[in-house]
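Listed below are the residues making up each chain.
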Amino acid sequence: MKNLLYIGNKLSSKNKTVTTIETLGRNLELLTYKVTYASSYKNMVFRLFDMVLVLVLNRNKIDYVLIDTYSTLNFYFAFVISQLCRLFKLKYIPILHGGNLPSRLSKSPKLSRSIFKYAFKNIAPSNYTKISFEALGYNNIQVIPNTIEIEKYPVIEKEYNSIELLWVRSFSKLYHPKLAVSILKILKDKGYKTSLCMVGPDNDGSLLETKAFATELDLEVRFTGKLTKSEWIELSKESNYFINTTNFDNMPVSVIEAMALGFPIVSTNVGGLPNLIDQNKNGVLVNPNSEDEFASAILDLHHNKEKRDLLIKKAREKSESFDWQIVKSLWLNLLK
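What counts as what
- Residues numbered from 1 in each chain as written.
- Predicted model: local features only at pLDDT ≥ 70, side-chain atom pairs only at ≥ 80, totals over all residues.
- Heavy atoms only, no water.
- Helix = DSSP H or I, 4+ residues; strand = E, 2+ residues; numbered from the N terminus.
- Expected span 1.5 Å × (residues − 1).
- Contact = heavy atoms within 4.5 Å.
- Buried < 20%, exposed > 50% of the residue type's maximum accessible area, 1.4 Å probe, protein only.
- Phe/Tyr/Trp six-rings, centres within 6.5 Å; stacked < 30°, edge-to-face > 60°.
- Lys NZ or Arg CZ within 6 Å of the ring centre and 35° of its normal.
- Axes fitted to C-alpha atoms, helices over the stretch in contact; angles between N-to-C directions.
- Parallel < 35°, antiparallel > 145°, perpendicular 65-115°, else oblique.
- Left-handed = near helix turned anticlockwise from the far one by under 90°.
- Pairing = 2+ DSSP bridges.
- Right-handed = clockwise from strand over helix to strand, strands pointing away.
- Core = buried A, V, L, I, M, F, W, Y, C linked by side-chain atoms within 4.5 Å.

Novice: Where do I start with helix α3 (residues 74-87) in this structure?
Specialist: Along an α-helix, a turn takes 3.6 residues, which lines up residues three or four apart on a common side. The end-to-end C-alpha separation of α3 is 20 Å, in line with the 20 Å expected for 14 residues at 1.5 Å each. In this structure, the buried side of α3 is in contact with β1 (3-7), α2 (44-58), β3 (64-69), β4 (92-96), α4 (101-107) and α5 (109-116). One or two positions beyond α3, positive phi appears at Lys 89, with a value near 60 degrees.

Novice: Just checking my understanding: could you explain the environment of Ile 81 for this structure?
Specialist: Here Ile 81 lies in helix α3. Residue classification places Ile 81 among the buried positions, given a relative accessible area of 0%. When the C-alpha positions of Ile 81 and Pro 109 are compared, they lie 17 Å apart, and in sequence the two are 28 residues distant. In this view, Ile 81 contacts Ile 7, Met 51, Val 52, Leu 55, Val 65 and Ile 67; residues no more than four positions away in its chain are not counted.

Novice: I tried to follow the packing of aromatic side chains on my own but got confused; where do I start?
Specialist: Each pair of aromatic rings is reported with the distance of its centres and the angle of its planes. Per the counting criterion, the structure on display carries 11 aromatic pairs. Plain terms: the ring middles of Phe 133 and Tyr 138 are 5.7 Å apart, the flat faces sit at 55 degrees to each other, and that makes the pair tilted. Tyr 138 shares its class with Phe 133; the two are buried. On the numbers, 4.8 Å between centres and 45 degrees between planes, the contact of Trp 167 with Phe 171 is tilted. The burial state of Trp 167 is the same as that of Phe 171; both residues are buried. Counting every residue linked through ring pairs, the aromatic cluster contains Phe 116, Phe 133 and Tyr 138. The ring of Tyr 118 is capped by Arg 86, whose NZ or CZ atom sits 3.7 Å from the centre of that ring. Positioned above the aromatic ring of Phe 213, the side-chain terminus of Lys 178 is 5.1 Å from the ring centre.

Novice: What exactly am I supposed to notice about the packing of helix α10 (residues 253-260) against helix α13 (residues 305-320) here?
Specialist: Their axes nearest at 7 Å, the elements α10 and α13 cross at an angle of 125 degrees. Our classification of the angle between α10 and α13 gives oblique. As α10 runs across α13, the sense of the crossing is left-handed. Across the interface between the two elements, Ile 256, Met 259 and Ala 260 from α10 touch Ala 315, Arg 316, Lys 318 and Ser 319 from α13.

Novice: Before we go on, may I ask you to explain the pairing of strand β7 (residues 163-168) in this structure?
Specialist: Regular strands show a simple pattern: their side chains alternate between the two faces of the sheet. With 6 of 6 residues buried, β7 lies mostly within the body of the structure. With burial as the criterion, each face of β7 is covered, one bearing Ile 163, Leu 165 and Trp 167 and the other bearing Glu 164, Leu 166 and Val 168. Looking at chain direction, β7 and strand β8 (residues 194-199) are connected through 6 bridges and run parallel. Among the inter-strand pairings, Leu 165 is bridged to a residue of β8, identified as Leu 196. At this point the chain moves from β7, through helix α7 (residues 178-189), to the parallel β8, and the crossover so formed is right-handed. With 2 bridges joining them, β7 and strand β10 (residues 241-244) adopt parallel strand pairing. Paired with Leu 165 across the bridge in β10 is Tyr 241.

Novice: Any chance you could explain the nonpolar core here in plain terms?
Specialist: Most often, soluble globular proteins have nonpolar side chains that are buried together. Formed by 33 residues in total, the largest nonpolar core has its most connected members in Leu 165, Leu 196, Ile 243 and Ile 298. Sorting the residues of this core by element identifies β7, α7, β8, α8 (206-216), β10, β12 (284-286), α12 (291-302) and α13 as the ones contributing at least two each. Non-local contacts of Ile 298, meaning those with residues more than four positions away in its chain, are made with Ile 163, Leu 165, Ile 183, Leu 187, Tyr 241, Ile 243 and Val 266.

Novice: Any chance you could explain unusual backbone geometry here in plain terms?
Specialist: Only a minority of non-glycine residues have a phi that is not negative, and only a minority of peptide bonds are not trans. Cis peptide bonds are those with omega within 30 degrees of zero, and the linkage from Ala 38 to Ser 39 qualifies with 15 degrees. For Thr 32, which is not a glycine, the phi torsion comes out positive at approximately 80 degrees. Mapped onto the fold, Thr 32 is located in the loop between α1 (20-30) and β2 (34-38). One non-glycine residue with positive phi stands out, namely Lys 89, at about 60 degrees. Examined against the element boundaries, Lys 89 turns out to sit in the loop between α3 and β4.

Novice: Can you walk me through the environment of Ser 162 in this structure?
Specialist: Position of Ser 162 among the secondary structure elements: in the loop between β6 (141-143) and β7. Residues Ser 162 and Ser 239, 77 residues apart in the sequence, show an inter-C-alpha distance of 9.5 Å. In contact with Ser 162, not counting residues within four places along its chain, are Lys 193, Asn 240 and His 302.

Geometric descriptors of this kind do not, in isolation, establish any biological role.
Take a look at the structure:
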């Protein structure tokens, strides 16, 4: 049995969104890997210290170290852990998250080389990330997409007498949640019966800002806070359009989940999303920061049942390719 150390932000118990460390980690455990985790400390200093300590204490029995790697402050966590792995001659595998990570390669070229050049393999969730890294000379990149368990996502027939928008994400400026409120405003001003439900925990104060913005516009928006996966899947039955308003992204699981649930999807055309959404085939892509384009795309689908039904069908088919039962062979081959 192989021993894995998974380094990442295991913070769902601290009112944060479930991330790959918990979903992929659990799936790898079911494949009989022994997985040790670090860290679940909310305080960033304690979290980094715990990551280092767990690595040092387990260094003689680890076969691979998986490192969730982001473009923000957690990038430096990946740097520290990867350099310790090099010191202890451990095979480490950065898992590349976030649509803004490619820009980090340019901002921090020396640190980036220290992390990614010496990795056993860098795992990209999409070709967008793979191409971005390869353009800067990194050739040890493999695409393994984010996954879902498709049987947990039933397609439910929806009514389209009104426009019921659903937004699911952590509230962060990167994901531009206030744009969803602006879209609601435009549709209501055009005379359409429209609602908006926004699901997710606060990450950087954006939840309060979005609530204040809705109040300023005199709009009623349903804010649920953080929900479990099963809770928001159940709640999704009350909505009929899924919107993704992000300014930076890679291969968001929430969009894959919405595709699986049978939503017509309108998303910003940023990062890795064009690798997930084929324009006007399984979803609609619009320019970022454009509530008018969002509203027009939603209304186009609302008045075109044939197009809407086709997008829903093709989106479900696309989502099935992300099922763990299909993707797991890539991890098994990598870790053999």
